Each structure stands twice: as structure tokens, then as C-alpha cells.
Amino acid sequence: MKGWIGCGIVAIVLLLAALLVGGWAIGIYNGLVRAQIGVDSSWSQVENVYQRRMDLIPNLVETVKGAADFEQSTFREVTEARARASQIVMSPELMNDPARFRQFQQAQGELSGALSRLLVTVENYPQLTATQAFRDLQSQIEGTENRIAVERRRFNEAVQGYNTAIRVFPASMMAGVFGFRAKAFFEADAGADRAPKVEF
């Protein structure tokens, strides 16, 4: 009788230990999934603001074309930069390929630079800057560029949390088993570490 009671206690202890370990493993796994979903959600917002910019560019170019005898090289530069940026498919899988992610970031940086040059060049055309349609588009583009910066920062914060979660022990063991991989960060554009040169 005592043997059966002893075996029963051991079985109960083992069952409780298995439940605790299982619950602990499930908690870690669910935490990693939540972190990954947070990164995906942040990425969706990045895609959203980049798409907004892509949608505004043709209207901006047409407004400038219609209001001024503008430099064709500036139009061509913006159009080509937009075409290169739109060739890279924005998808959650992009975050898992550091080389493609860098290409995406470079193409978006080139587009930002081309837009900036267009808006600076427009300043030489007072009749254009006086039109309400242009001012509205310029304001929307500037607002979108600010949104891009905000969403990139939020994305980097989500990636930092996720990458930390998959690297700390004991979650790192679960991450390796279930295929959770580090995500790429947005990095500063080339030359961002140098102050711009201003000439009058």
C-alpha cells in the first residue's frame, strides 16, 4: 500500500513538473510570437507610409510640370528613383534578407534625395510655389517624410525588442528550435553622420 502511495506522489510530482515546464515553454513561445507580430505590424506601417509617398509623387511631378518650364533632368531623376524603389517588393520576408533590406533602404534613400532636390529646385520658380495645389502637395510630401521617419523609428524599436527576445537565455533555445531569426534594422542613410554644407 505504501508503495502505491509513494508511486502516486512521484507521478503527481512528475506531472506537475511537466505541466510547469510545458507552461513555461508555451509562455516563452507565445512571447516570441507576440514580438514577431509586433515587428510585422510595425513593418505594415512602414509600408503604408512609403506607399503614400509613392502615390503622391506622380501628382507632385504633374503639378510641377504643368506650372513651369522645369528642368527635365530633375523630373527624370525623381521618376527613375521612384521606379527603382517600386521594383523592390515590400513584404515581411524582406526583413529576413539583410542584402535585400539594404537594397530597399538604398532605393528609398535615393527617392528621398531626388524628392528633396526637386523641392529645392522648385524654389527657383515663384509662380509655382505660389499655387495652392503645389503648396498642398509639398505639405503632404513633407508630412509623409516625417511619418516615414517616425514609422522607421517605431519599426527599429519593435525589431530591437524582438531581436533581444530571441537572443536572451532561455528563450534563445526556443527561438532556435522554432526558427525565429533576427530581423534587420533601418540604418542611417550614407553621409547622415556629416553636417550638411550650407552656402549662401
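For the structure, see preceding data.
Residues numbered from 1 in each chain as written. Predicted model: local features only at pLDDT ≥ 70, side-chain atom pairs only at ≥ 80, totals over all residues. Heavy atoms only, no water.

### Side note on the nonpolar core
The biggest cluster of nonpolar side chains holds 48 residues, and the ones touching the most others in it are Leu-32, Trp-43, Leu-60, Phe-101, Phe-155 and Phe-186. In terms of residue count, helix H1 (residues 2-67) provides more of this core than any other element does, 15 residues in total. In this structure Leu-32 touches Tyr-162, Ala-165, Ile-166, Ala-171, Met-174, Ala-175 and Phe-180, once residues within four positions along its chain are discounted. (Core = buried A, V, L, I, M, F, W, Y, C linked by side-chain atoms within 4.5 Å. Buried < 20%, exposed > 50% of the residue type's maximum accessible area, 1.4 Å probe, protein only. Helix = DSSP H or I, 4+ residues; strand = E, 2+ residues; numbered from the N terminus. Contact = heavy atoms within 4.5 Å.)

### What about a nonpolar patch on the surface?
The grouping of Ile-12, Leu-15, Leu-16 and Leu-19 at the surface amounts to a nonpolar patch, some 420 Å² of accessible area in total. Tracing the chain through its elements places Leu-16 in helix H1. (Patch = residues over 30% accessible without salt bridge, like charges linked within 9 Å, V, L, I, M, F, W, Y side chains within 5 Å. Areas by Shrake-Rupley, 256 points an atom, 1.4 Å probe, with all protein chains shown as cover. Salt bridge = Lys/Arg side-chain N within 4 Å of Asp/Glu carboxyl O.)

### Considerations on the environment of Ala-149
For Ala-149, the position within the fold is in helix H5 (residues 132-167). Along the sequence, Ala-149 and Val-46 sit 103 residues apart, while their C-alpha atoms lie 9.1 Å from each other.

### Some details on the packing of helix H3 (residues 98-122) against H5
Running from N to C, H3 and H5 point in directions that differ by 150°, and their axes come no closer than 12 Å. Of the possible angle classes, the one that applies to H3 and H5 is roughly antiparallel. Like other packed secondary-structure pairs, H3 and H5 cross with a definite hand, here left-handed. Two secondary-structure elements touch here, H3 through Phe-101, Gln-105, Ser-112, Leu-115, Leu-119 and Val-122 and H5 through Phe-134, Gln-138, Ile-141, Glu-145, Arg-152 and Phe-155. Tallied by class, residues from the contact of H3 with H5 come to 7 nonpolar, 3 polar and 2 charged. (Axes fitted to C-alpha atoms, helices over the stretch in contact; angles between N-to-C directions. Parallel < 35°, antiparallel > 145°, perpendicular 65-115°, else oblique. Left-handed = near helix turned anticlockwise from the far one by under 90°. Nonpolar A, V, L, I, M, F, W, Y, C, P; charged D, E, K, R; others polar.)

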